[in-house]
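Next come the chains, spelled out residue by residue.
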Amino acid sequence: MSRTAHRGRRARIWLVGAGVLALLTAGAGTAVAGSDRPAGGRTAEPQLVAAGTTAKVGKASRTPQPGKPRPTPSPTSSPTASPTPTPTPTTTTSPPSTDVNVQIPIPGYVTGFRFGDIVVDEARGRVYLTGGKGTDGLIVTDLTGNVVRTLPGIAPGAAGMTLSPDGRKLYIAAGDQDWLRIVDLDTWELDGQFAGKTDGTMTCPKDMAFAAGQLWVSWGCENEPTAGIGRVDLATGKFDVYAVDAIDERITSAMLLATSPAQPDMLIAGATGTSPALLVRFEATATGLIQRAISRTDGGSVAQLAVTPDGSEVIVPSGAPYYHPVLRTSDLVEVHRYPTVPYPNAVAVRPDGLVVAGTDSSYDKDVWIFEPGGTTPTATYEFGHLPNQETWAHNLVNGGLAVSGDKIYAVTDQLAEPAMVTLRIRTLP
C-alpha cells in the first residue's frame, strides 16, 4: 500500500471516531519526568508512565479502538517531579513491569502523519528524538527513558539526524529553513550549516549520512517535483545541492539515507514520497555519488532503512507488501523476507544482526523480533493503551524504531493525543 493510501486509512479511522473523540479527556496516570532546559528555553514537560503504577482520575465513557485490548486497571504513582515514579503501596502481589512509556509533548507534531527521527547514542547513553515538519526541537533521554534535556526552537522542521563519525556532534535537518543544526554533544553549543539553493528556492533537507568522509544531505519539499541529494564540504561549509553524478531515474521526492561502517563508501537511498518508491545504491566519492544499482519497492514509500552489520543487505519497510523485504545491496534484488503484517513502517538492526521490525497495525502486534535470516519471530510486542487509560490504542510511527543492547526503543502516537508521542522501551528476552 502506498503512503498516500495508508494515510487515507488513518484518516477514515479519524472520521469514524470523531464522535468518540469529542468525549475523550486528557490521558491520566502520568508522572512528570525531569527536564533540563537550556537558558531561555521553555517547553512542556514530558510525562513518564510506568506500567504497574496508578493514580486516581475521573474518566469519561470511552470506546476503545477495535482490535486492541482494553487495559486491565493497574496501580500507578502519584504525580512527582522525580524522573522515576515512586510506587504507591497496593495490595497486588504481581511483580512490577519493566516496561517504560514516556509521554513527550512535541508542539506542532501532527499525529499519524509526521515524525522526525530517533537516534540511540550508545557511547553517551542517550536517545535523541525529533518531531518532523512543523516542529522545531530536540528531546534527549537517557537509555531508560528519563528526559535529561530539551532544546526547543533550534531546528524548524526538525527531521532526520545523524551522529558525526567521531560521535561528538549531532546533525539535525531543519527542513523548514533549509538548514542543518549542529549540536556539540559535549557542551550543547549550537552551530549551523546552510543546505539550500543560491536562488532562494526551498530545498527542505530531509535526512543525512556520512560516507567516504563526506556529509550527504537528501532534500525535497512536499508536493514539489524536484528533489535530490547534496554534499556538504566539511572543510569550507560549501553546500553542493546536486551531488549525484548520474542516475537512471530522476529523484522526485526526498530520500532516506543509510550507510554501514563495513562498507564506508556505500550509500543506500530510498524515496519517501512516491509509490512504488525509488531505491538506489550509490558509491560515494570525495566529490559525488555514482549509481551502482537501482530498483523500486514492491509497495509504497520507504519509511525507514536498516543495513545489516556486514553491509551486504538492506531491509526496506514501505507499507506494502505485508512483510519486511531484504534486498542485497550489491544489486538491490530481494533475497529474504521477514513475515510481519500490515503495514510495515519501521526497522532497526542490532550490531549482531538481530532484526527489529515494526508495523503500523491497529489490529495486530506492532513490533516483531527475528534472528538474522529467520522466518519465525522470537518475540513480539503490542503497544495498546497506556496504563490506566481507555483512549484509542497507539500506533507505531513511521521510522520510529531503534535498538541498543537488550532494549528496543519505539515511538508511538494516537489520534486522541495531538502534539504528543510516547517513547516505549521494552527489554528483549
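Quantities reported herein were computed from a predicted structural model and do not represent experimental measurements. (Residues numbered from 1 in each chain as written. Predicted model: local features only at pLDDT ≥ 70, side-chain atom pairs only at ≥ 80, totals over all residues. Heavy atoms only, no water.)

Novice: Any details on the pairing of strand S27 (residues 367-370)? Residues and values, ideally.
Specialist: Taking every second residue as pointing to the same face, both faces of S27 are buried, with Val367 and Ile369 on one and Trp368 and Phe370 on the other. Strand direction decides the pairing type here: strand S26 (residues 355-359) and S27, joined by 4 bridges, are antiparallel. When the bridges of S27 are listed, Val356 appears paired with Ile369. Inspection of the sheet shows S27 paired to strand S28 (residues 379-381) by 3 bridges, in the antiparallel sense. Across the sheet, residue Trp368 finds its bridge partner in S28, namely Thr380. (Buried < 20%, exposed > 50% of the residue type's maximum accessible area, 1.4 Å probe, protein only. Helix = DSSP H or I, 4+ residues; strand = E, 2+ residues; numbered from the N terminus. Pairing = 2+ DSSP bridges.)

Novice: Can you break down the nonpolar core residue by residue, with the values?
Specialist: Ranked by size, the top nonpolar core spans 31 residues in total, and within it Trp216, Ile229, Met255, Leu305 and Val314 carry the most contacts. Only strand S12 (205-211), strand S14 (227-232), strand S17 (255-260), strand S18 (263-271), strand S19 (278-284) and strand S20 (289-296) provide two or more residues apiece to this core. Excluding anything up to four places from it in sequence, Val314 contacts Ile268, Leu305, Ala306, Val307, Pro325, Val326, Leu327, Thr329 and Leu332. Val127, Ile139, Val397 and Tyr409 belong to the second-largest nonpolar core, a separate cluster that totals 19 residues. (Core = buried A, V, L, I, M, F, W, Y, C linked by side-chain atoms within 4.5 Å. Contact = heavy atoms within 4.5 Å.)

Novice: Report on the pattern of salt bridges, specifying residues and quantitative values.
Specialist: Under the defined criterion, the tally for this structure stands at 11 salt bridges. Between Arg292 and Glu283 there is a salt bridge; the shortest N-O distance is 2.5 Å. Residue Lys407 is joined to Asp406 by a salt bridge in which the shortest nitrogen-to-oxygen separation is 3.3 Å. Here Asp406 falls in the partly exposed class, since its relative accessible area comes to 38%. When salt bridges that share partners are traced, they join Asp121, Arg124, Arg168 and Asp186 into one network. (Salt bridge = Lys/Arg side-chain N within 4 Å of Asp/Glu carboxyl O.)

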